[in-house]
Amino acid sequence: MLTELLITNTNRRFSFRPFFTALLVLATSLSLPAQTVKPLKSNFEARLMNIESPSNEPFRYTATLSNGSAQPVNYNFNAQLPDGWQISYRVEGSQVTSLMMQANKSQEISIEISCPISAKPNKYKIPVKAISAQDTLTLDLEAVVKGSYALELTTPSGRLSDEVVSGSSKEILLKVKNTGTLPLNALELSSQLPSRWEATFDPANIKQLEAGKSLDVKVNLKVPDKTIAGDYASKFEIKSANSNADISFRMIVKTSLLSGWVGLLVIVLAIGLVYYLIRKYGRR
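Since the model is a prediction, treat every value here as computed from it, not as a measurement.

What exactly am I supposed to notice about the side chain of S132 here?
Within the secondary structure, S132 sits in the loop between β9 (122–131) and β10 (136–145). By relative accessible area, S132 is classed as buried at 13%. The contacts of S132, once residues within four sequence positions are left out, are V73, N74 and Y75.

Sorry, what's going on with the nonpolar core here?
Considering soluble globular proteins, one finds that nonpolar side chains tend to be buried as a cluster. Ranked by internal contacts, the top residues of the largest apolar core, which has 30 residues, are F44, F59, L65, F77, W85, I109 and I111. Only β1 (43–46), β3 (59–67), β4 (73–79), β5 (86–91), β7 (98–101), β8 (105–114), β9 and β10 provide two or more residues apiece to this core. Of the residues forming this core, the biggest block, 5 residues, is contributed by β10. For F59, the contacting residues outside a window of four places in its chain are I51, E52, S53, W85, I111, E112, I113, C115, A143, V144 and V145.

Sorry if this is basic, but what is going on with the packing of aromatic side chains here?
In this description, an aromatic ring pair is defined by two values, namely the gap between the centres and the angle between the planes. Scanning all chains against the criterion turns up 7 aromatic pairs. The interplanar angle of 20° and the centroid separation of 4.9 Å between the aromatic rings of F77 and Y89 together place this pair among those described as stacked. Taken as a pair, F77 in strand β4 and Y89 in strand β5 lie far apart in primary sequence, 12 residues in all. The exposure class of F77 is buried, given its relative accessible area of 10%. Y89 sits in the buried class, given a relative accessible area of 6%. Here the aromatic rings of W197 and Y232 are separated by 5.2 Å at their centres, their planes lie at 45°, and the arrangement is tilted. You can see W197 sitting in the loop between β14 (184–192) and β15 (198–202) and its partner Y232 sitting in strand β18 (residues 230–239), a full 35 residues away along the chain. Of the residues examined, Y232 reaches a relative accessible area of 22% and is grouped as partly exposed. What links up through ring pairs into an aromatic cluster is the set F44, F77 and Y89.

The rules we used
- Residue positions within a chain follow its written sequence, with the count starting from 1.
- Local features are withheld for residues below a pLDDT of 70 in this predicted model, meaning they are given only at 70 or higher, and side-chain atom pairs are given and counted only at 80 or more; totals for whole chains, interfaces and linings count all residues.
- The side-chain quantities take in all heavy atoms of the structure and omit both hydrogens and water.
- Helix and strand definitions here come from DSSP, where helices need a minimum of 4 consecutive H or I residues and strands a minimum of 2 consecutive E residues; each element is numbered from the N-terminal end.
- Here's how the labels work: a residue is buried when its accessible area is under 20% of the maximum for its type, exposed when over 50%, partly exposed in between, all with a 1.4 Å probe on protein chains only.
- Should any heavy atoms of two residues lie within 4.5 Å, those residues are considered in contact.
- Nonpolar cores were defined as sets of buried Ala, Val, Leu, Ile, Met, Phe, Trp, Tyr and Cys residues, with membership established by side-chain atoms within 4.5 Å.
- Note on aromatic contacts: the rings of Phe and Tyr and the six-membered ring of Trp form a pair at centre separations within 6.5 Å, being stacked when their planes are under 30 degrees apart, edge-to-face when over 60 apart, and tilted otherwise.

These values are about where atoms sit, not about what they do.
Right, dumping it as structure tokens:
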């Protein structure tokens, strides 16, 4: 009787549901890796294949190299460039020419391409290859050259020095030239001068300067009083969002004729005073 009661209670409490649940969780965990981990395919691709830039700025691409084989592979980089163009490859900030890739791994590569400033505006196709003993992966990049930005600052005569009298002003004529192939906008002029010197520009701002065009700028340079005679260095600069230029200008400061006569008069008076004192007190 007792045995039958125990068996009856055991049958009532026993359930297969927890065992089915555990088996389901185990089967799911075993099948997840097979679903999420997929073997890589050897590939060489870029996030942006086509980039537009002026000829005086580099073209920067971000590429990804993947080794889908089951063994490490050494890839050497090679590119077909137009004459005068240059290319560099960087991995984690270091410049490289080849890369050892581990099996089933990917690596991000920064590619920088530079063209001559004289490059004509056009679309240039640049095949970049990652070459190994097993295969060759090709990345077809495009660089669109839209021209160049360049500025030149000089004087109409080419002379970079002048004279000025202490305490007076001097007008200097500068020449701004757009030597690039693209227009320049919002150009601003500035100066670096000795202490207390002042310079004003006419015009101080240039809204736009077309390619190949030039413009004369007047600089009114004011030298403070009592400036010691000598050579002084000044610097004039013009800049825009895309380019800038500067020149060093030497100013020779001279004292005025009146100051010279005043100085000579002071010296004569000093000599006369000394002579008078000697005559008056020397006899005693």
